[in-house]
Every structure is written in C-alpha cells, then in structure tokens.
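Coordinates in review
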Amino acid sequence: MPPSVSNPTPMMQQYLSIKEKYPDTILFYRMGDFYEMFFEDAEVASKALEITLTSRNKNEKASVPMCGVPYRAAQSYIGRLIAGGFKVAVCDQVEDPATAKGLVRREVVRVITPGMVLEDTFLEEKSNNFILSVFRLQDRYALAYLDISTGTFRVTESGSDRAVVEEALRISPREIIFPATSTEAFFGELLRVFPETAVTRMDDREFSHARSRQKLIEHFNTVSLEGFGCEQLKAAVSAAGGLMAYVQETQKQKIEHLDGIETYHLDSFLWLDELSCRNLELLKNLRSGSRQGTLLGILDKTLTPMGGRLIRQWLRYPLVNKEEIEARLDAVEEAVERHTESTGLREHLKSVYDLERLGSKIGMGQCNARDLLSLKQSLQQLPMLAERLSAFSAPLFKGFAHLEALSNLAGLIDDAIREDAPPTINEGGMIKPGFNPQLDQLIQISRDGKGWLLNLEAGEKEKTGIGSLKVRYNRVFGYYIEVPKTHAESVPPHYVRKQTLVNAERYITDELKQFENEVMGAEEKRSAMERDIFNEIRAAVIHLTREIQQAAKTTARIDCLLSFAEIAALGGYCRPILNREGRLHIEEGRHPVVEKTISGERFVPNTICMDQENFQILIITGPNMAGKSTVLRQVALFVLMAQAGSFVPAAKADIALTDRIFTRVGALDNLSAGQSTFMVEMEETANILNNATPDSLVIMDEIGRGTSTFDGLSIAWAVAEYLHDLAGKGVKTLFATHYHELTELARQKPRVRNFNIAVKEWNDEIIFLRKLVEGGTNRSYGIQVARLAGIPEDVIKRSKKILYQIENEGHLSPSPAGEASGQKKAKGAAVQIELFQSLEKSIMERLKSLDVTRMTPLEALNVLDDICKKSRAGSN
Ligand code: ADP
Ligand code: MG
C-alpha cells in the first residue's frame, strides 16, 4: 500500500482510488503516451524491468516514486513482469482527453496475470497455459483449470488428496487460485509442490456452490450443468465457479470462446506420476529440461500449434479404455497404409495457424487485421483437408463440420481485409477497396484532398507572392493558411485572420472553409470507419466461435494421428496388440529415444516377455553400462505409447492394458542429483507399494543404492517380495539391480525370474552384447568397465589383484556378529546374507558400488588406497 499522501492532486486521488481495488497487481496507469507506475509498484517494476526510478514532485517533502514505460512498448514490459510472476492491471483513459471535462476518466480494462494471457509473445506455442482453481469440500478435492488462450476448460474431482496433488502436477499450471481461508495441510502440500507458481487467494464466497453454479449456468446460457457432466460434482462446481469469478474480475468482458466445461475422471487415464514422467523423460529431459531427447521430442511431428498441444496431452494422459485406444490405432494404421495421401494432408496442415488461439484472441478483441488474415488462411485449408480425408474411413478422421459457414467467413475476410494490413487497427489501411462504397468515398476525398490542398498552396503562393505560405490542418482550428509575420502586408483582403502566433499569422478563406466541410478529418473518419468494419468482421468471427473451436479440435486430432503415422512409417514401428490378460510381450523392441541418439553403436533390439503367471517379476542384473535402465524404460514407454494410440518400435508387441506405471530410480542413478536422497527414494517406494494394483507396471531401477550395502540389499529384497505378493496376485515389475544376491529370490518366489544383459569376456575385456537373456549373473565386471572408462592400467592391474585376493581368500574369515543378527530368516536369503558379512566381501561390495565413470583417476586411486589399507588390516 502506498503511504498516505497529504493533499493529493485530483489525479493522484484517482490513482489511489483505483489502486486500492487492485492491491496485489502492478498498476499501469495511462498518462498520455506512457503507462506510469507509482509508489511500491514503481520500486518493484523499475527493478524487475531495469528502468529508471524517478519521482513525482521531486522537490516536495512527500515525493512519490515513479517509473514509466511507453504505451506502444507496453506489451513487452508486461510480458517480462508476467514472466516474473507478477500481475499487471492495465488502467486506460476511457474517454477522449480532447473532449473530457476536467480529469480524464480512467478504468482498469484488463488484468494480465501469469495464468491469464492471450498474447502469443507471452505464450509457448505447443504448450497450454493453465490457471488452476483448487477447492475442497469435506472429503472431496476438486480441480478446475482453464487456458484462456484456447478456451480449454476442464474439471475433475477425487476423494484422494494425493491423487489430486499429482493431477495438479500433471496440469502444471502457471497460476493457482483457491479460497483465501484454506489452511489445511492439503493446501500447504500444494504450495510446497509449486514453489514458483503464482498463487492468488480469492474471497471464499466466490466458491460457494449456489453462487458458482449460477455463474456457470449464466455464462454458458444453460439451465443446468447436466450437459457438462458436473452437476453432481459439488466441489468441482465450486472450483469452476471461483475460476469463473476470477476470469470476470480480470478480463472485464464476456469470454465468448469459453463455451463449455469438460468433466473427466482420473481413472479414465493411465496414471503416471510426475516423478515417473521425469524419470522416463517423457516431456522434458533430465539434463536441461528441454524437449530434446524426450519421447515427446521423438513422437511430435505435428504441424499445427493445437496439434502440438494435443499430442503432449495424449502422451501425458494415455487412455485405459481399449475401444478408445483401438480407435486411435485404427486411424494411425490407415494413415500408415495410405502414406502418400497422409503426406498430402500434412502439406495442408502446414498452412493452418493456431485456430484455437486466433479464435480466442479475436473473440476478446486482442487482435489485429493480420490475425484475421491468419484465420482466413487457416479456414481456407479446411475444405481441402476434409476433401482429402473423405478417402479415409477411420472415424477419428471425420468430424469437420460447418464447413460452408466457415468458408463464407473466410470469404468475408478475404473480401474485406487487405493482405498488407498494418499491425494497428486505429490507423486505417486495413480494408480493401470495393468492400464498402462509403469508405471508398472517404478514401477518395482524403486522397484527392491532399492533392487539392497542394494545388491550393501552390496557387496562393503564386497569387500572393509569399513563398513561405503554408496550408495546414490542426484539430482545434481545422484548415488554415499560415503566413510569416514578415509577409503580413502582402496578405490579400479576403483572408480572414484566425490566430496570431509569435512569428506567424493564420488565416482562413471561404474556399478553404468549404473544402474543410467536405473533407474535415476525412482521414480520421476513414480510420474510424475502418475500425467499425473491422469490428463487424470480428463480430462475424465471434458468431462462429464454437464452430472455429470445433474445427481447431478436429484439426489437432488429425494432426496428432498423422504425426503418429509419420513416425510409425519412417521408424519401422508396429501396431501394438492390446490385451486384458496382463501379457506384456515385446519382440525385437527398441528404445524409441535411445535408438535415435546413440552414436557409433547400432541399437540392439530386445525381446522381453512378462505375464501374471510365471514372468511377473524380472530381476535384471548386468554390469554398469550394459543397458539395464534402457530396457526398463523401454518397456514403460511401450505401454505409454500404445495406450496413447501410437505404434511402437518393435517387430511385434502385445501390450497389457495398464492402469498405472510407477518408476523409481535409485538415488545414485538419478541424473537430477542432489534432489534425490535416500529418504525421498524410500518415500516414493512406499507410494508404489501403497498404490500399485495387479494391473500396474512397476519399474525399479537400482533402488536401495543410496544407503549401505546391507540396508540397500535388504530393502530391495523386501520390496521385491512385497511386489510379488501384492494383493495376493502380485504386480508386473522390472527390477534392475547390481545386488546379484537378489537373483536368489527366483528360487523362493514362483513368479520371479532372473535375466541379465549379456556381456562377453574377450581377452580380459568385456564386450557389451546388449542382449537380454534369461539367467542371473554373479559378476559385475566393474574392473573391466573401469578400464573402458579410461582408468590407468596400473590401477586396473592392482584392483584385479585385490579382487583376486578377496575372491579367493576372503570367504575364509568368519562373519562378525552384530549386523547379521537382525537379518531376515528366509532360508536362501539367510545363507546369502551371512556370506557377505565378511570384511573382504564388504570391500568387494564397496568396489562394486563405485561408479568409476563418475570418478577422477585421483579419486579412484584414493579409494583403492583406502581399500588396500583396510584389507591389509583385516587379514592381519
Ligand atoms: P545400465 O543401466 O545397465 O548401466 P544403461 O541402460 O544406462 O545401462 O545403458 C548405457 C548405455 O548403453 C546407453 O546410454 C546406451 O548408449 C547404450 N545402450 C543401452 N542399451 C542399448 C542397446 N540395446 N543397443 C545399443 N546400445 C545400448
Ligand atoms: Mg542404469
């Protein structure tokens, strides 16, 4: 809040009373050609925008901090503030300063917040920009979210707070709103998982059920919310109503393109938690967070922005309903078979702009003539797309409707808007000649008028002999003839004096007066008229908002299906078969991303079979770098891709319909190091154990690494056992581990099988064969891998000697008491666990746990030295 100002000027009074209503925004207060900011706003904004902080009334005691940005450049400054998480209230002059009596009336015309933006420059083309509203009603948790730039508006509700937090992460909003008085732990958790997201607390009353329902019904002009499927979802209605209130408060106009709510249930989609999404590098890579090297990066060959947003959604929300998945696969298959025709279709897609966002911008008046041209060009493609699609039979390729109305609209824009229209709508030059006779006349007059004036000027100069005579126009006096004072004597008598300046006199004549009556402000009239015509066309567009949004949706879907088909055709993918029996058979499968990114080596395809009866839990061992993690991720990605409706890179794939995929990566293996501590890893493991079902798929990659060997092994062992016994049925699990002791589990649990990734020893070196084969391993080849990594030969030799000693002499030492006493009693396990209680064995474990690829030679030497000392001490 600004400090109180004594004796504020009327303008400052106006400013303060407006600012009072927008306390949590930065108020852009329009003054002439600038937006000015005052007080704290000025201090904050000048820092954020790196502009000069000055002050008003500098010399007085109560000087006011102030900064400003030019009106014409406001957009980019607003963009930077939004990116910084601020909200900006744009306060404009709402009456003409020329005609206003007293202080010009000003009003906030729009509040721009991180979650409420329309301008392309603030938006990412292929991502949605969501604002999320969260509400809790007893034990129901609801989410409502909206992308105002596309009109996407969804709600969902659940009884599980954890599921709702996960869903919020999946939505990944730019801004969150919730009732001001929400204090329970759930909201605290939300704030914790979104540390950098802008949060707005709203008046609780805006979330009341009755008020919310009423607001939504009024907006959508319906009698109930039945048609949107959320009439019964009270919490969801409140969340949506609160969001609607926020939209109205910030946008100050009816949002025509917001024409419905989509209600969905979390169970309708495969559940992949945020962590797994990151581990699998679905949308962002672990290194830099970009799309490079991600599944999305590989599969997204879409050509339109809305297609790009939809494919992201398809990958993040894979389906679980077999029929829906098959419908997508049918379409993809047809497009693969008709590859030439598909390519032709894609050519047309290239000329379709962001129909969704264009529709929204135009609807909300944040557009110019160029947006109309983009809309026209996009709409013109639709009949051609529909025509080409008529050769296809898959139902998902149908759906273009209202083509005639949309074509007519394109025709209207084509008739009206000049191809070279300027980016502004206030200066004319937008409308084609011939579109409106009245406008043509105005243009004629103003064009001829200029010539006439030039003529008049030349004529008068000649008649009077005053070379410096000028004919000019201003808004106050209209047209006049200006003569320097020094020539006042030569002025003819029919000149009527209007105004005296310091150095000149201004006159009018009857002739000029008459001309003025005709053309007075023809330019201005022309601009105003062009703006009116522009707005009429805008109205015609708004009238077809629904149809445009529907065409955008259809285009997006076709774009995605064709993108899947393109990848499938070029990449040698196959159509997955889906089964409900829990079978997961992949023949000659490749990791879709790794196969494209490895260099120097050919990707070796792998065959993997899992089921619910015999091959439920696969323990996969193999040396570092063998390819364990790659196989694991590949299987998870196959399930995701298949259920998203994509083909998969394999010779054959039979995919079990899966409800949830969980992936956990051991602390040291997690590339986003630093974040992942052992504790977090264990929390996550607990989450899997509590939420996996027999229809889930679990990927465990080297869990237990972040603690001591024995703890780690014990935990890994117990987790594997638990997953095997889960709900009496077990859950399909891929378990990569460097604890080869775990292979013992296969002897005790009927549905556990051992696999390893084969390596070949050759002349004391290892060659990675990259082949998954049945059976366990009992060697980790750490020393050979160390050699591959460039550890000096002396160190390698020495470590081999040590290893030999440990392997051949170490087992003789008796196991010390203590650690062993608390161990599990399982027969095989007990034998195994006792075995590695010996000092030498523990040294060996230490060796194995080293990740030499991440060590400097010096570090390696130090460890080695330490081990030597210990082993000498131990054997004495
Ligand atoms: P691990 O988890 O066993 O340590 P990774 O799965 O991380 O091994 O694989 C290590 C590297 O080996 C990968 O980055 C990749 O370059 C290569 N790789 C893995 N699997 C294959 C394969 N099937 N064919 C070719 N190269 C592979
Ligand atoms: Mg690995």
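The numbers attached to residues start from 1 for each chain and follow its sequence in the written order. The order in which chains are written sets their letters, starting at A; the order in which ligands are written sets their numbers, starting at 1. Per-residue local features are limited, in this predicted model, to residues with pLDDT of at least 70; the limit for side-chain atom pairs, both in listing and counting, is 80 or more; totals at the level of whole chains, interfaces and linings are taken over all residues. Only heavy atoms go into the side-chain values, all of them from the structure, while hydrogens and water stay out.

Details of the pattern of salt bridges
A side-chain nitrogen of Lys or Arg and a carboxyl oxygen of Asp or Glu constitute a salt bridge if their distance falls within 4 Å. Taken as a whole, this structure holds 52 salt bridges when the rule is applied. Between Glu 530 and Arg 526 there is a salt bridge, and its shortest N-O distance comes to 3.0 Å. Of this pair, Glu 530 and Arg 526 both sit in helix H18 (residues 522-543), four residues apart, which is roughly one turn of the helix. For every residue, the accessible area obtained with a 1.4 Å probe (protein chains only) is divided by the maximum for its type, and the residue is called buried under 20%, exposed over 50%, and partly exposed between those limits. Assessed through its relative accessible area of 0%, Glu 530 is described here as buried. In this structure, the salt-bridge partner of Glu 774 is Arg 753, at a minimum N-O distance of 3.9 Å. Separated by 21 residues along the polypeptide, Glu 774 in strand E27 (residues 765-774) and Arg 753 in strand E26 (residues 752-762) bring together distant segments of the chain. On the basis of relative accessible area, Glu 774 is assigned to the partly exposed category, the value being 49%. The numbering of helices and of strands both runs from the N terminus, where a helix is a DSSP run of H or I of at least 4 residues and a strand a run of E of at least 2.

Some remarks on the site of ligand 1
Being near a molecule or strand, for a residue, means having at least one of its heavy atoms within 4 Å of it. Close contacts around ligand 1 come from 14 residues, with Val 604, Met 625, Lys 628, Ser 629 and Thr 630 the closest. N or O atoms within 3.5 Å of each other form a polar contact, as long as, within protein, one can give a hydrogen and the other can take it, and as long as residues adjacent in sequence are counted only when both atoms are side-chain atoms. At a separation of 2.8 Å, a nitrogen atom of ligand 1 approaches a polar backbone atom of Val 604. One nitrogen or oxygen atom from the side chain of Thr 630 is found 2.6 Å from an oxygen atom belonging to ligand 1. Contact with the protein chains covers 82% of the free accessible surface of ligand 1, which is 560 Å². Residue contributions to the shell around ligand 1 peak at three residues, all from helix H21 (residues 628-644). For the shell around ligand 1, the residue count by class is six nonpolar, four polar and four charged. To be clear on the numbers: accessible area is Shrake-Rupley with a 1.4 Å probe, and residue cover counts the displayed protein chains and nothing else. Ten residues, namely Ala, Val, Leu, Ile, Met, Phe, Trp, Tyr, Cys and Pro, are considered nonpolar, four, namely Asp, Glu, Lys and Arg, are considered charged, and the remaining ones, Gly among them, are considered polar.

Focus: the sheet that holds strand E20 (residues 606-610)
If you walk across this open sheet you meet the four strands as E18-E22-E19-E20, and the pairing is mixed. Both edges of this open sheet fall to strand E18 (577-579) and E20, since each of them pairs with a single strand only. Neighbouring strand axes in the sheet, compared pairwise and without regard to direction, differ in orientation by 20° on average. Two strands qualify as a pair provided DSSP detects at least 2 bridges between them. As paired elements, strand E19 (residues 584-589) and E20 share four bridges and run antiparallel to each other. Bridging across to E20, Gly 589 finds its partner in Asn 606. Each of E18, E19, E20 and strand E22 (652-656) touches H21; the most contacted strand, E19, lies at about 110° to it. Every angle, taken between N-to-C directions, lies between 0 and 180 degrees, and every axis is a line fitted to C-alpha atoms, over only the stretch in contact when it is a helix. Any two residues whose heavy atoms approach within 4.5 Å at even a single point are treated as in contact.

Some words on the side chain of Asp 273
In this fold, Asp 273 is placed in the loop between strand E13 (271-272) and helix H8 (274-279). A relative accessible area of 2% means that Asp 273 is categorised as buried. Polar contacts involving the side chain of Asp 273 include one to the side chain of Ser 276, which spans 2.6 Å. If near-sequence neighbours (up to four positions away) are discounted, Asp 273 is found in contact with Glu 166, Arg 316, Ile 661, Phe 662, Arg 664 and Asn 687.

Here we look at the packing of helix H15 (residues 403-416) against H18
Orientation of H15 relative to H18, taken along the N-to-C sense of each, is 170°, at an axis distance of 10 Å. On the basis of the axis angle, H15 is roughly antiparallel to H18. The crossing of H15 and H18 is left-handed. Across the interface between the two elements, Leu 409, Leu 412, Ile 413 and Ala 416 of H15 pack against Ile 537, Ala 540 and Val 541 of H18. Per-class residue counts for the contact of H15 with H18 are seven nonpolar, no polar and no charged. Roughly parallel means an angle under 35 degrees; roughly antiparallel means over 145; roughly perpendicular covers 65 to 115; every other angle is labelled oblique. The crossing is said to be left-handed when, going from far helix to near helix, the turn is anticlockwise and less than a right angle, and right-handed when the turn is clockwise.

Description of the sheet that holds strand E23 (residues 660-665)
If you trace the seven strands from one edge of the open sheet to the other, you get E13-E23-E24-E25-E21-E26-E27, paired in mixed fashion. In this open sheet, the two strands that pair with only one neighbour each are E13 and E27. Strands in contact with H21 are E13, strand E21 (617-621), E23, strand E24 (697-701), strand E25 (732-736), E26 and E27; relative to E24, the strand with the most contacts, it is inclined by about 160°.

Here's the deal with the packing of aromatic side chains
Only rings of Phe, Tyr and Trp enter the pairing, Trp through its six-membered ring, and a pair is recorded when the two centres are within 6.5 Å. The plane angle decides the type: under 30 degrees is stacked, over 60 is edge-to-face, the rest tilted. Using the criterion set out here, one finds 25 aromatic pairs in the structure. Between Tyr 15 and Phe 39, the aromatic rings sit 6.2 Å apart at their centres with planes inclined by 40°, giving tilted as the arrangement. Of this pair, Tyr 15 sits in helix H1 (residues 10-21) while Phe 39 sits in helix H2 (residues 39-49), and the two are 24 residues apart along the sequence. In this structure, Tyr 15 and Phe 39 share a single accessibility class: buried. Between Trp 452 and Phe 515 the ring centres are 4.2 Å apart and the planes differ by 5°, which places this aromatic pair in the stacked class. Here Trp 452, found in helix H16 (residues 437-464), pairs with Phe 515, found in helix H17 (residues 510-519); they are 63 residues apart in sequence, far enough to count as distant.

Overview of the confidence of the model for the protein
Predictor confidence is given residue by residue as pLDDT, running from a minimum of 0 to a maximum of 100. For the protein, mean pLDDT is 87; residues scoring 70 or higher make up 92% of the total. In this model, residues 670-676 is a region of pLDDT below 50 whose contacts with residues beyond four sequence positions or in other chains number eight contacts. Note that pLDDT drops below 50 for residues 811-836; the model gives that stretch 28 contacts with residues more than four away or on any other chain.

Focus on the pairing of strand E8 (residues 140-147)
Taken across its eight residues, E8 has seven buried, putting it largely inside the fold. The pairing of E8 with strand E9 (residues 152-158) spans seven bridges and is antiparallel. For Leu 143, the partnering residue across the bridge sits in E9 and is Thr 156. In sequence, E8 turns back onto E9 through a hairpin of four residues, with Gly 151 there showing a positive phi of about 85°.

Here's the deal with the environment of Cys 609
Assignment of secondary structure puts Cys 609 in strand E20. Linking Cys 609 and His 585, residues 24 residues apart in sequence, is a C-alpha distance of 4.4 Å.

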